[in-house]
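# Topology and contacts: notes
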2 protein chains.
Amino acid sequence: MNDAIRGKGASPPESLASPLSLPAAPLPTLRPSLALLTDRYELTMLQAALADGTAHRHCVFEVFTRRLPAGRRYGVLAGTGRVLEALPAFRFGETELAYLERAGVVDDRTLDFLRGYRFTGTITGYPEGETFFPGSPVLQVEGTFAEAVLLETLVLAILNHDSAIASAASRMTSAAVDRPVLEMGSRRTHEQAGVAAARAAVVAGFAGTSNLEAGFRYGLDTIGTAAHAFTLLHDDEPAAFASQVEAFGPGTTLLVDTYDVPRGVERAVEAAGTGLGAVRLDSGDLGALAVEVREQLDALGATDTKIVVTSDLDEHAIAGLAAAPVDVYGVGTSLVTGSGAPTCGMVYKLVARTDGAGRMQPVEKASTRKSSQGGRKAAARRLDRDGRAVEEVLVTGPDEQVVTWEPDGSEGGAEDGRLRRLHVPLVTDGAVDSRWVGAYGVANAATQHRTSRAELPRGARRLSHGDAAIPTVTWRL
Amino acid sequence: MNDAIRGKGASPPESLASPLSLPAAPLPTLRPSLALLTDRYELTMLQAALADGTAHRHCVFEVFTRRLPAGRRYGVLAGTGRVLEALPAFRFGETELAYLERAGVVDDRTLDFLRGYRFTGTITGYPEGETFFPGSPVLQVEGTFAEAVLLETLVLAILNHDSAIASAASRMTSAAVDRPVLEMGSRRTHEQAGVAAARAAVVAGFAGTSNLEAGFRYGLDTIGTAAHAFTLLHDDEPAAFASQVEAFGPGTTLLVDTYDVPRGVERAVEAAGTGLGAVRLDSGDLGALAVEVREQLDALGATDTKIVVTSDLDEHAIAGLAAAPVDVYGVGTSLVTGSGAPTCGMVYKLVARTDGAGRMQPVEKASTRKSSQGGRKAAARRLDRDGRAVEEVLVTGPDEQVVTWEPDGSEGGAEDGRLRRLHVPLVTDGAVDSRWVGAYGVANAATQHRTSRAELPRGARRLSHGDAAIPTVTWRL
């Protein structure tokens, strides 16, 4: 039957290039070098700066967001570990250099520089999983202009994506209180973004993911049993359930809404017995259904069988199910799209650089009211006597004073609590601090997030629109 | 000064894993196999189906969306070429198999099946770049259950992401009419999603991208000159402009809004002369600014200097600048986030499979009012006598009749126009049709999109909320 469809396919448009002129193999979809994940202007700026000598000025770039998404009370930093993992792969090999030459992007001097490029500078930042607020300098990249400017696109791409997901995910785990939330959104976002989204979700408290690659790369727990297609593949629902129980034992999760939910629940318990692990509901009015299914399961003696719900949930739907007898939430689309805020708006701004005499000078864009601020910032969170966050404190002033600043108890208001310094070292002279990468990095970030979120004022966890949970204040040394 | 910051970094939380227990090298961020970009349930379904014998039933899965994003009039299919490029990399190597075994995901029989897996079935679909409507079967994957079910997550991830971007991009190029639109959003989405987004934007009519990797992989034109950081790096604006003109000639684009726009424009023409290629405005009231800058440029004699605008544009902002003297639009955030609709909601549904006797049977989920429909569909667009699209026609019925169906002029209403069949062959018995992949695939998809969009009724290009531009009707054979 395929032959028929093939033979009668619509003719391709006449403008189609001839298949004969194609390269023999499809292009690779993934490549070992990440260096071309870069906006062209970074290389053109580099070329001009190498020519005029400014490329070697010492620079500090800061990553921060000017505002939180509308109504959000806090953001969650995620992706830092992925930035660190990406650094060693940010190298220009012969393939990349040949392309840049062929495409006429930069001149020979710049190609020579790129051939030897690796990042040898220093990166400092908030620990992954930490909460952030408008202006929080979540990452500081320090090095020559040449080496630091090249990281702009990759750093922002990772942090903007992963932090958007983690910020949404934190609202979901907050709304779910003690019930586990599972990540199932891989199909609704770019295939590699899905892996990063699963990772970011776990940073923000999710219990597991359906994404196997994320399980492999980051040691995350993976979950999943069957889709409607499995039931439809079989001649009837009892055959499908029997097959699944045979393969995975009665502790499996059976999807009971392919045909008729009450019949499905009945058949599920028939197939697995009262030791059935869980039933999954993927459609309908989940709150009302959960009540009915719970009653039916209990009546059938399956009192320990859990109820998993998974249909287009977001943090509001999760909160709305708080009183329903639901045991586990599965979230897909709204997680991977940041629940209405799919990116964070973080920027990578040059805030200080040396002048011709080698002295560090603050710099800032001045033509508009964009609230960027020149100069390197130290950052601390002020906590009250109960350990509750009160303010995000940014410390500015002469660079050498900012660099050596630390809370010493003499700051205004510190008698009412304490200051928790926010920056930690991430990369030192090009060497990555391994405690923030890989599976350990994710586990540490999840711990960091739990701690940081618990410290926020109560209002921070409300889902309704509101202002940032704490104000950002600036101290000038 | 780095030492100071490093020495005084906050202590990591006590729960941090010791860096000593980490693997020596960071985890790889990209891997050659795409096979684990898969939801776990596909493998568990496979295991149960291999055990009960249904894994070898012949199946047809269809990809479609039940609805367009709120108010959108049409969707744009993108990513098909990337699906085809990904197929050869969807293989389970020893690394992947060892993980699946270690994590206890599936049993030995399933691991053996996966070890030999490659897709040998057939894929038919709308050509990339084609417009689509609710229910349009944009992709049909046919093969055994075992081989087809494994592709669900990867196929959906690619099509949902890329089509969301292309659907937004098409509105932007439509609003820009004949002015070029450039893609600059890499920093606001996942680093690999940015590459796919650039590709999808070009499918929908964008003229180029800032993303070098997209330029490399797909032969796209890349663009970009300088950011504010370049101006701030220098002692003053004239020094920065002089350096850029020295490096790239007067035809370059100078960013004139770092300090004061009128002064910036004046200095730009001083630096490059009246042959200055373009000025870029990245902040402020772009419409009013463009008028002032145009007047100033003309007064300075730089009458051919173009004006590029790039601050948080979307299709509505582009439309709002139609009367302003703008020459080129650069779009970032709203492009890569799908301008409010970051995913497409496409699903991958089993619509037909053989029964125990080898006869093809339509199947569908029946418990709720989700508008999925059993059985394979043929698809055609009905055009009126002027070649204007009137209806999306889905043809259902006995499978052998649907497979051999083609428009023959006898269909109801066909005397008023003609039917354009929508499906083309993409993969035949596992062999990819190379005309849809790589750089040629993107060029062909862009042509397909131009043709298809031009065919839609005029109302389709309105940006205001409305219904789908044409209704989807079903014919039963």
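Residues numbered from 1 in each chain as written. Chains lettered and ligands numbered in written order. Predicted model: local features only at pLDDT ≥ 70, side-chain atom pairs only at ≥ 80, totals over all residues. Heavy atoms only, no water.

Our working definition: UniProt positions are given in the numbering used here, feature names are shortened, and annotations may be inferred rather than shown by experiment.
Chain A carries the name Nicotinate phosphoribosyltransferase in an unreviewed UniProt entry, which gives Isoptericola halotolerans as its organism. One UniProt comment on chain A, placed under Function (unreviewed entry), says "Catalyzes the first step in the biosynthesis of NAD from nicotinic acid, the ATP-dependent synthesis of beta-nicotinate D-ribonucleotide from nicotinate and 5-phospho-D-ribose 1-phosphate."

## Thoughts on the sheet that holds strand E13 (residues 360-362) of chain A
Residue and element names in this part refer to chain A. Filter applied, for reference: Any two strands with at least two DSSP bridges between them are considered paired. Each helix is a run of H or I in the DSSP string that is no shorter than four residues. Each strand is a run of E no shorter than two, and both are numbered from the N terminus. By the convention used here, residues are in contact when the closest approach between their heavy atoms is within 4.5 Å. Working convention: axes come from line fits to C-alpha atoms, limited for helices to the stretch in contact. Angles between N-to-C directions cover 0 to 180 degrees.
Judged by pairing direction, the sheet is antiparallel, and its 7 strands sit side by side in the order E13-E12-E1-E5-E3-E17-E18 without closing on themselves. The outermost strands of the open sheet, each flanked by one partner alone, are E13 and strand E18 (431-432). Inspection of the sheet shows strand E1 (residues 58-65) paired to strand E5 (residues 139-144) by 6 bridges, in the antiparallel sense. Bridge pairing links Cys59 to Gly143 in E5. Across the sheet, helix H7 (residues 152-176) touches E1, E5 and strand E12 (346-354), and the angle it forms with E12 is around 140 degrees.

## Observations regarding the interface of chain A and chain B
Filter applied, for reference: Values labelled buried area give the accessible surface lost by two parts on being combined, using a 1.4 Å probe and summing over both. Within this document, salt bridges are pairs made up of a side-chain nitrogen of Lys or Arg and a carboxyl oxygen of Asp or Glu, the two lying within 4 Å of each other. Any N or O atom pair separated by 3.5 Å or less is treated as a polar contact, with the protein-specific requirement of one donor-capable and one acceptor-capable atom, and with residues adjacent in sequence counted only for side-chain atom pairs. Residues are sorted three ways: Asp, Glu, Lys and Arg are charged, Ala, Val, Leu, Ile, Met, Phe, Trp, Tyr, Cys and Pro are nonpolar, and all the rest, Gly among them, are polar.
Chain A puts 147 residues into the contact, and the matching count from chain B is 147 residues. Roughly 12,900 Å² is buried in total at the junction of chain A and chain B, and carbon and sulfur atoms are behind 62% of that figure. The tally of links from chain A across to chain B stands at 8 salt bridges. The closest approach of N and O atoms between Arg82(B) and Glu191(A), which form a salt bridge, is 2.7 Å. On the surface where chain A and chain B come into contact, there are 50 residue pairs in polar contact (both at pLDDT 80 or more). Looking at which element gives the most residues to the side of chain A that touches chain B, the answer is helix H2 (residues 40-52) of chain A, with 10 residues. Residue composition of the side of chain A that touches chain B, grouped by class: 65 nonpolar, 48 polar and 34 charged.

## A short note on the pattern of salt bridges
Residue and element names in this part refer to chain B. What counts is decided by this rule: The classification of residues rests on relative accessible area computed with a 1.4 Å probe and restricted to protein chains. Under 20% of the type maximum is buried, over 50% is exposed, and intermediate values are partly exposed.
Evaluation of the coordinates by the stated rule reveals 49 salt bridges over all chains. Linking Asp282 and Arg280 is a salt bridge whose minimum nitrogen-to-oxygen distance equals 3.8 Å. Residue classification places Asp282 among the buried positions, given a relative accessible area of 15%. The class for Arg280 is buried, based on a relative accessible area of 10%.

## Observations regarding the relation of the copies chain A and chain B
In plain terms, the rule: Copy-to-copy alignment: least squares on C-alpha atoms, limited to residues at pLDDT 70 or above in both.
Under the fitted operation, chain A is carried onto chain B by 0.0 Å of movement along the axis and a turn of 180 degrees, and the coordinates agree to an RMSD of 0.0 Å. On this basis, the relationship between the two copies can be described by a two-fold rotation axis. Of the interface residues in chain A, 100% have counterparts in chain B that sit at the interface too, so the contact is made through matching surfaces.

## A word on the environment of Tyr74(B)
Residues and elements named next belong to chain B. Structurally, Tyr74 can be placed in the loop between strand E1 (58-65) and strand E2 (75-76). With 96 residues separating them along the chain, Tyr74 and Ser170 place their C-alpha atoms 9.6 Å apart. What Tyr74 contacts, discounting residues up to four positions off in sequence, is Leu68, Thr131, Phe132, Phe133, Ser170, Arg171, His449, Arg453, Leu456 and Ala460. Reaching out from Tyr74, the side chain makes a polar contact with the side chain of Ser170 at a distance of 2.6 Å.

## Section: helix H4 (residues 94-102) of chain B
Rule in force here: The arc in question is traced by the directions running from the helix axis to the C-beta atoms.
Those residues of H4(B) lying buried are Glu96(B), Leu97(B), Tyr99(B) and Leu100(B). Taken around the axis of H4(B), the buried residues stretch over an arc of 160 degrees, which confines them to a single face. Opposite the packed face of H4(B), turned more than 90 degrees from it, sit the exposed residues Glu94(B) and Arg102(B). Looking at the buried positions of H4(B), the neighbouring elements they touch are helix H9 (212-218) of chain A together with helix H2 (40-52) and helix H5 (108-115) of chain B.

## A look at helix H17 (residues 438-455) of chain B
What counts here: By this rule the span expected of a helix is its residue count minus one, scaled by 1.5 Å.
Here H17(B) contains 18 residues, and its C-alpha end-to-end distance of 26 Å stays within 8% of the 26 Å for a straight helix at 1.5 Å per residue. Among the residues of H17(B), Gly438(B), Gly441(B), Val442(B), Asn444(B), Ala445(B), Ala446(B), Thr447(B), Gln448(B), His449(B), Ser452(B), Arg453(B) and Glu455(B) are the ones counted as buried.

## Describing the nonpolar core
The tendency in soluble globular proteins is for nonpolar side chains to be buried as a group. Operational definition: To form a nonpolar core, buried Ala, Val, Leu, Ile, Met, Phe, Trp, Tyr and Cys residues must be joined to one another through side-chain atoms within 4.5 Å.
Of all hydrophobic cores here, the largest spans 134 residues; its most connected members are Leu335(A), Phe61(B), Phe92(B) and Leu100(B). The residues contacting Phe61(B), other than those within four sequence positions of it, are Ala229(A), Leu139(B), Gln140(B), Val141(B), Phe145(B), Ala148(B), Val149(B), Tyr348(B), Lys349(B) and Leu350(B).

## Focus: the domain arrangement of chain A
Selection rule: Each domain's extent is set by a domain assignment, obtained either automatically or from a database.
Each assigned domain of chain A is listed here: domain 1 (40-166 + 342-363 + 372-476) and domain 2 (225-326). Placing the centre of domain 1 of chain A and that of domain 2 of chain A at their C-alpha centroids yields a distance of 45 Å.

## Comments concerning the pairing of strand E9 (residues 278-281) of chain B
All names here are of chain B. Inclusion rule: Place the viewer so that the strands point away; then a crossover is right-handed whenever the path from the first strand over the helix to the second strand goes clockwise.
In E9, alternate side chains face the same way, and those of Ala278 and Arg280 on one face and Val279 and Leu281 on the other are all buried. Looking at chain direction, strand E8 (residues 253-255) and E9 are connected through 3 bridges and run parallel. Within E9, the residue paired with Leu255 across the bridge is Arg280. Each parallel crossover has a hand, and the one from E8 via helix H12 (residues 261-272) to E9 is right-handed. Pairing of E9 with strand E10 (residues 306-309) involves 4 bridges; the strand directions are parallel.

## So, the UniProt feature "domain: Nicotinate phosphoribosyltransferase N-terminal" (unreviewed entry) in chain A
Under the UniProt annotation, the feature "domain: Nicotinate phosphoribosyltransferase N-terminal" (unreviewed entry) is placed at residues 36-160 of chain A. Taken end to end, residues 36-160 of chain A has its terminal C-alpha atoms 18 Å apart, with 41% of it in helix and 18% in strand.

## Section: the sheet that holds strand E19 (residues 472-476) of chain A
Residues and elements named next belong to chain A. Across the sheet, 4 strands lie side by side as E16-E14-E15-E19; this open sheet has mixed pairing. Edge positions in the open sheet fall to strand E16 (417-421) and E19, since each of these has one partner strand only. Neighbour-to-neighbour, the strand axes of this sheet turn through a mean angle of 30 degrees, independent of strand direction. By the bridge criterion, 6 bridges tie strand E14 (residues 378-384) to strand E15 (residues 389-396) in an arrangement that is antiparallel. Note on E15: the bridge partner recorded for Ala379 is Leu394.

## Focus on the packing of aromatic side chains
Applied cut-off: Note on aromatic pairs: the rings of Phe, Tyr and Trp (six-membered ring only in Trp) are paired at centre separations within 6.5 Å, and the planes decide the class, stacked below 30 degrees, edge-to-face beyond 60, tilted for the rest. Two conditions define a charge located above a ring, namely a distance within 6 Å from the ring centre to NZ of Lys or CZ of Arg, and an angle within 35 degrees of the ring normal.
Inspection of the entire model under this criterion finds 14 aromatic pairs over all chains. Both rings, one in Phe92(B) and one in Tyr117(B), keep their centres 6.4 Å apart while their planes meet at 75 degrees; by these two values the pair is edge-to-face. Remark: Tyr117(B) occurs in the loop between H5 and strand E3 (122-125) and Phe92(B) occurs in the loop between helix H3 (80-86) and H4; sequence separation between them is 25 residues. With respect to burial, Phe92(B) and Tyr117(B) carry one shared label: buried. Between Phe113(B) and Tyr117(B) the ring centres are 6.2 Å apart and the planes differ by 40 degrees, which places this aromatic pair in the tilted class. Of the residues examined, Phe113(B) reaches a relative accessible area of 23% and is grouped as partly exposed. Chaining the aromatic ring pairs together yields one cluster made of Phe90(A), Phe92(A), Phe113(A) and Tyr117(A). Over the aromatic face of Tyr218(A) sits the side chain of Arg199(A), whose NZ or CZ is 5.1 Å from the ring centroid.

## A closer look at the packing of helix H11 (residues 237-248) of chain A against helix H12 (residues 261-272) of chain A
Residue and element names in this part refer to chain A. Rule in force here: Angle categories are assigned with fixed cut-offs, so that under 35 degrees is roughly parallel, over 145 is roughly antiparallel, 65 to 115 is roughly perpendicular, and the rest are oblique. Each helix crossing is assigned a hand: it is left-handed if the near helix lies turned anticlockwise from the far helix by less than a right angle, otherwise right-handed if that turn is clockwise.
Viewed as axis vectors pointing N to C, H11 and H12 meet at an angle of 40 degrees, and their least axial separation amounts to 9 Å. In terms of orientation, H11 and H12 fall into the oblique class. As H11 packs across H12, the resulting crossing turns out to be right-handed. Contacts from Glu237, Pro238, Phe241, Ala242 and Val245 in H11 reach Arg263, Gly264, Arg267, Ala268, Ala271 and Ala272 in H12. The class makeup of the residues in the contact of H11 with H12 is 7 nonpolar, 1 polar and 3 charged.

## Some words on the packing of H12(A) against helix H13 (residues 286-299) of chain A
Residues and elements named next belong to chain A. Running from amino to carboxyl end, H12 crosses H13 at an angle of 35 degrees, the nearest separation of the two axes being 10 Å. In this structure, H12 crosses over H13, and the sense of that crossing is right-handed. Of H13, the residues touching H12 (which contributes Val261, Pro262, Val265, Glu266 and Val269) are Leu289, Val293, Gln296 and Leu297. Here the residues of the contact of H12 with H13 are counted per class, giving 7 nonpolar, 1 polar and 1 charged.

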